[in-house]
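# Remarks on the overall topology
Spelled out from the first residue to the last, the chains are:
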Amino acid sequence: MTIKPLISIITINYNNADITADLLRSILCLQYANTEVIVVDNASGENPSEKLKSVLPSVKIILSDKNLGFAGGNNLGIKQAKGDYLFFVNNDTELTPTILEGLLEIFHNYPDAGVASPKFHYYYAPGTIEFAGYNAVNTFTARNSMVGCRTKDEGQYDAISKTNYGHGGGMMVSRRVIDEVGLMPEVYFLYYEEFDWCEQIKKKGFNIYYQYKSLIYHKESMSVGKTSTLKTFYLNRNRILFMRRNVKGISFLGFAFYYTFFTLPKNTLGFLLKKETDHLKAFWKGIKWNLSNRNLKKIELCAE
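Described in the following lines is the structure provided in the data block.

Definitions and limits used
Residues numbered from 1 in each chain as written. Predicted model: local features only at pLDDT ≥ 70, side-chain atom pairs only at ≥ 80, totals over all residues. Heavy atoms only, no water. Salt bridge = Lys/Arg side-chain N within 4 Å of Asp/Glu carboxyl O. Helix = DSSP H or I, 4+ residues; strand = E, 2+ residues; numbered from the N terminus. Buried < 20%, exposed > 50% of the residue type's maximum accessible area, 1.4 Å probe, protein only. Phe/Tyr/Trp six-rings, centres within 6.5 Å; stacked < 30°, edge-to-face > 60°. Core = buried A, V, L, I, M, F, W, Y, C linked by side-chain atoms within 4.5 Å. Contact = heavy atoms within 4.5 Å. Expected span 1.5 Å × (residues − 1). Polar contact = N/O pair within 3.5 Å; in protein donor to acceptor, adjacent residues only side chain to side chain. Right-handed = clockwise from strand over helix to strand, strands pointing away. Pairing = 2+ DSSP bridges. Axes fitted to C-alpha atoms, helices over the stretch in contact; angles between N-to-C directions. Parallel < 35°, antiparallel > 145°, perpendicular 65-115°, else oblique. Nonpolar A, V, L, I, M, F, W, Y, C, P; charged D, E, K, R; others polar.

## Regarding the pattern of salt bridges
Enumeration according to the criterion identifies eleven salt bridges in this entry. For the salt bridge of Asp-153 with Lys-119, the shortest nitrogen-to-oxygen distance reads 2.8 Å. Placement of Asp-153 in the loop between strand S7 (129-131) and strand S8 (161-163) and of Lys-119 in strand S6 (residues 113-122) is noted, with a sequence separation of 34 residues between them. When the shortest N-O distance is used, the salt bridge between Arg-245 and Asp-196 registers 2.7 Å. Here Asp-196 lies in helix H6 (residues 193-203) and Arg-245 lies in helix H7 (residues 229-246), a separation of 49 residues in the sequence. Residue class for Arg-245 comes out buried when judged on its relative accessible area of 17%. One network of salt bridges, in which partners are shared, links Asp-22, Arg-25, Glu-94 and Lys-219.

Right, dumping it as structure tokens:
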């Protein structure tokens, strides 16, 4: 009898215990039996332990005394996880019963696999794809896109494929990769950290895979909000930071030119016309952060 490897399922809760409880209910329906479930609570206003344990008594809850963001919260989970494979999943998702078997298949069949992500469907738009892989970040615009996003799923992306990045809302990583690459980069706090981590993983010779056989349903940004100033700040700050850490030479100069003479005036004017002064301040705060923190090694050390 083959012993199935232990999979640690790690998610983060922040003031969304009801949503996290829905995720746990979907975990109860998994066909794969050898799992441990870890919920890292990022200093929510109320302790979610009682509510979550009422759904899944075996869940391990780690209570952080401060909000460590996406990377920091997941790193807390990594440090206490015992699994041979770790499945990082957003709390605003629901899993399908056979999702883990498909992801494990990637690691068994592709020795170069570092990360495996499932196909994503929008929870509130059944049959509509959110993610079937990632296109590369354009080194000029620092933009990228998800393959198949907002298209009806008619099987057109039903093939295992290498992709540029895993989806932070659901990605399996082997213990071997984490041992070689290290933890998620906490300097980001929120957004772009999984892109950067995937870049570091690829530099170590591993590849990122998309597994169509595994499916996850995503409720999108329920914890942050689709138009929050927090999102505006971190998306802008970390877009620049990602490029600083991963793009060098003439390519980075091209991005700096594009950002200065197109993105900056376009977004500034857009926020002014919409009278969204709070978002304008958040946007400029992200720029100023990068100008004030030019020593990458120093800010990386401070984030650890």
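Moving on from the model shown.
## A few points about the packing of aromatic side chains
By convention here, two paired aromatic rings are described through the distance between centres and the angle between planes. On inspection of all chains with the given rule, the structure shows 22 aromatic pairs. Note on Tyr-134 and Tyr-165: the rings are 6.1 Å apart at their centroids and 75° apart in plane angle, and the pair reads as edge-to-face. Of this pair, Tyr-134 sits in the loop between S7 and S8 while Tyr-165 sits in the loop between S8 and strand S9 (170-174), and the two are 31 residues apart along the sequence. Residue Tyr-165 is classed as buried on the basis of its relative accessible area, which comes to 2%.

## Details of the nonpolar core
Ile-7, Phe-87, Phe-88, Leu-95, Leu-100, Met-172 and Trp-197 are the most contacted members of the largest nonpolar core, which has 84 residues in total. Setting aside residues up to four positions removed in sequence, Leu-100 forms contacts with Ile-7, Ile-9, Leu-30, Tyr-32, Thr-35, Phe-87 and Met-172.

## With respect to H7
Counted at 1.5 Å a residue, the expected span for H7 with its 18 residues is 26 Å, and the 26 Å between its end C-alpha atoms agrees. Along H7, 15 of the 18 residues are buried, which leaves the element largely enclosed by surrounding structure.

## Here's the deal with the side chain of Ser-8
Tracing the chain through its elements places Ser-8 in strand S1 (residues 7-13). Polar contacts involving the side chain of Ser-8 include one to the side chain of Glu-36, which spans 2.5 Å.

## Quick look at the pairing of S1
Most of S1 is tucked away: seven of the seven residues are buried. In S1, alternate side chains face the same way, and those of Ile-7, Ile-9, Thr-11 and Asn-13 on one face and Ser-8, Ile-10 and Ile-12 on the other are all buried. Each parallel crossover has a hand, and for S1 linked through helix H1 (residues 17-27) to strand S2 (residues 35-42) it is right-handed. When S1 meets strand S4 (residues 85-89), the two strands line up parallel, connected through four bridges. Directly across from Ser-8, in S4, lies its bridge partner Leu-86.

## Brief notes about the packing of H7 against helix H8 (residues 249-273)
The contact between H7 and H8 brings their axes to 11 Å, and the two run at 170°. Overall, the two elements H7 and H8 adopt an arrangement that is roughly antiparallel. Contacts from Thr-232, Asn-236, Arg-239, Ile-240, Met-243 and Arg-244 of H7 reach H8 at Phe-252, Phe-255, Tyr-258, Tyr-259, Thr-263 and Phe-271. Class assignment of the residues belonging to the contact of H7 with H8 gives a composition of seven nonpolar, three polar and two charged.

## Some thoughts on the pairing of strand S3 (residues 60-64)
As paired strands, S2 and S3 are joined by five bridges and run parallel to one another. In the sheet register, Asp-41 faces S3, and the bridge partner there is Leu-63. Each parallel crossover has a hand, and for S2 linked through helix H2 (residues 49-55) to S3 it is right-handed.

## Structural notes on the side chain of Lys-219
Note that Lys-219 resides in the loop between strand S10 (207-218) and H7. Within polar-contact distance, the side chain of Lys-219 engages the side chain of Asp-22 at 3.4 Å. Setting aside its immediate chain neighbours within four residues, Lys-219 contacts Ile-19, Asp-22, Asp-92, Glu-94, Tyr-123 and Tyr-124.

## Description of the packing of H8 against helix H9 (residues 277-292)
With their axes 9 Å apart at the nearest point, H8 and H9 run at an angle of 160° to one another. It follows that H8 is roughly antiparallel to H9 by the angle criterion. Residue-level contacts link Tyr-259, Thr-263, Leu-264, Asn-267, Thr-268, Phe-271 and Leu-272 of H8 to His-279, Leu-280, Phe-283, Trp-284 and Ile-287 of H9. Tallied by class, the residues present in the contact of H8 with H9 amount to eight nonpolar, four polar and no charged.

## Re unusual backbone geometry
Unusually for a residue other than glycine, Tyr-191 sits at a positive phi of about 80°. Here Tyr-191 lies in the loop between helix H5 (175-181) and H6.

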